[in-house]
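In case you want the letters, here they are:
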Amino acid sequence: MPSLDRRAIDAVELMDDPDCDPGKLASTYANFRFVNAVVSGWRGMYRRDIRPALSSTRESTLLDVGCGGGDVARSLARWAARDGLRLNITAVDPDARAHAYATGLPPLPGLRFRRALSSDLVDEGHRFDFVVSNHVLHHLTGEQLGGLLADSERLAARRVLHADIERSRFGYLGFGLGTWPFFRRSFIRDDGLTSIRRSFTARELRAAVPPGWQVTREHPSRLVLRWEARTAAVSDASVPAEADAGGHGHGHGHGRERERTWEAAANNPLGSGPRMREVIVVGGGPVGILLAGLLAVRGVDVEVLEQRAEPSLRSRAIGIHPPSLRALEQLGVAEEVLDRAVRIRGGVVRSDGRTLGRLAFSATTDRMQSVISLPQSETEAVLRARLAELAPGRLRGGITVTGVSDRGDRVAVETVADGMPSGETLEARYVVAADGARSLVRDLLGIRCTARTGGETYLMSDYPDTGEYLGEAVLYFERDGVVESFPLPGGRRRWVAMTPTLLTDATSGDLAALIRARTGTQLPPTTAAASAFPVQQRLATSLVAGRVVLVGDAGHQISPIGGQGMNLGWLDALQLAPALERALREPDAATSVLRDYDRRRRRSARMAARQAGFNMAMGGPVEGLRLRARNGLVRTLAVPPASAVLARAFTMRWL
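Residues numbered from 1 in each chain as written. Predicted model: local features only at pLDDT ≥ 70, side-chain atom pairs only at ≥ 80, totals over all residues. Heavy atoms only, no water.

We now examine the environment of Leu445. With respect to the element layout, Leu445 can be found in helix H15 (residues 440-445). Sequence-wise, Leu445 and Asp406 are 39 residues apart; in three dimensions their C-alpha atoms are separated by 9.4 Å. Apart from residues no more than four positions distant in its own chain, Leu445 is found in contact with Ala545 and Val548. (Helix = DSSP H or I, 4+ residues; strand = E, 2+ residues; numbered from the N terminus. Contact = heavy atoms within 4.5 Å.)

Our focus in this paragraph is the pattern of salt bridges. If you walk through the whole model with that rule in mind, you get 38 salt bridges. Note that Arg340 and Glu336 form a salt bridge whose closest N and O atoms lie 3.5 Å from each other. Of the two residues, Arg340 and Glu336 are both situated in helix H13 (residues 334-340); the distance of 4 residues between them amounts to about one turn of the helix. Judged by relative accessible area, which is 38%, Glu336 ranks as partly exposed. A salt bridge links Asp596 to Arg600; its shortest N-O distance comes to 2.9 Å. Taken together, the residues Asp596 and Arg600, both in helix H18 (residues 590-618) and 4 residues apart, mark about one turn of the helix. Under the relative-accessibility criterion, Arg600 is labelled partly exposed at 33%. One salt-bridge network, in which partners are shared between bridges, spans Arg277, Asp301, Glu303, Arg394, Arg396 and Glu424. (Salt bridge = Lys/Arg side-chain N within 4 Å of Asp/Glu carboxyl O. Buried < 20%, exposed > 50% of the residue type's maximum accessible area, 1.4 Å probe, protein only.)

So, on to the sheet that holds strand S13 (residues 342-344). In spatial order, the strands read S12-S16-S13; together these 3 strands make up an open sheet with antiparallel pairing. Each edge of the sheet is formed by a strand with only one pairing partner; in this case those strands are strand S12 (319-320) and S13. Note: S13 against strand S16 (residues 371-373), 3 bridges, orientation antiparallel. Bridging from a neighbouring strand, Ile344 pairs with Val371 of S16. (Pairing = 2+ DSSP bridges.)

Let's shift gears to helix H14 (residues 376-390). Over its 15 residues, H14 runs 21 Å from end to end, which matches the ideal 21 Å to within 8%, given 1.5 Å per residue. What H14 keeps buried is the set Gln376, Ser377, Thr379, Glu380, Val382, Leu383, Arg384, Arg386, Leu387 and Leu390. (Expected span 1.5 Å × (residues − 1).)

Below, the structure is given as structure tokens:
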């Protein structure tokens, strides 16, 4: 096992030798498609980052830089064709051997290969909707990396995706073991291990790229470097024609471009009346702000209307699960949130003074796979600051929405500002209701909710941490009802207890006494107030009504026990942002993509509700034979293989 503390930038791959075995080189190019299918993750990136922007009627363009034998470009071309979408791909590589191999394969419609550098295409004035590369970054020096990123910004009208492997012990060992029995007549195994040694870590790559570029970590041991154009451009550029060996294209393909800039989108296209936005988000909580940020990253003209004049300082939601960290990473704030938060390594289940079992939430050191705890007020502060960077002045506080009217091609939003005698009418192509469980927008639309409540009530407060269970969540399954505790930053801990009735007048001292009686745990004094809450579970009959979309608690309210509510809303936003982007750009596809959003997110909400119901049922008051049966079930679930499934469910990885 070599040292992986630093990049082995002087290590040379065997296939880079001009005199390498041509038979092994051809075998290497031929087998890349199998390796990349396992380790590169392009299928997921196509579905998430490329397919939502494609059209069945308008041609989109994509450039694959450093395409090698062309396996990634060929896969993208086949996937787009299978989905009935028009995608024209140009794949370039300066290596004559790679170019000869790629052009020797059976041709695919809409795919052309060139022997060229990205700088050649910049000089020729080409533009593409997408610029991508696979396993190119680790070949580059710092200066070369800067050149590629600068070229990519000039070439991309919409989005850049540079994917590479991450340098890690897990990646090195996994690739070494996984390829050991295979690819003996190729350079894949030796060069793959060398590539890992040459590769970046996420932290190194973040430090190396200029502002505006986002590094996301994806498994297994992959990094994706993303860049979004500040304008949402729709390119009519033709694809560069096949070039000679010198790499000069015969067709320049400048074309015309129709661009929606921030300023242009802010104007009413009808020339009069209320000012127009592309999207108005009603509600400036964590879900609404995250969605607005994800839209702003995509160049969508978005505005947030929040009834509160000032952010709430209440702690409320604290748990952030790994799928949500992906959303925060896309927004570029995951690292800051992780730095502020405390990591929850696992959970302990106790009853009658005995430990029934333990769950490990993550065995990896990858911070993006962590379960973390951070008070909602601090999370909101990070999200607000990021939105202010992406879309200055677009979060408006003290604005109450009083009416919503879908007018076919746009939505009119009636508002009243605090302290103003008269209201203002705003218009947008789409409106998103992120205004919480008591959503006024949902009520105005007449969307009904199916409700489920078992009458469960809880009491919670924050106390200094006693240090007994550092970094662990603790569940006490006791006769009179469950008691839960979770670590917080700053040496604090959140305690929650099921109560027989809603104790609205209870104090933190009352909660501490209840916890002592049930568990024997003596809590330190606290200045934090206690908060009583009942469990309410609701699911809207539809998340879409014309041009108005529900997100987060406005569409589904889940029991807070288990920390699913805010996370589920964030995952709504993660899917809704690309759906709205496509709906704006491709009106004919709007109904289909929003229907898909509605179907997927309602299904996820039903799954989350079932899990929440299981959590509450397990924590209810029991005694005698039922208590022993429950504790026996807990012991069974806390050992492999059931423990792995349970940990996956509790950390929301199934979503």
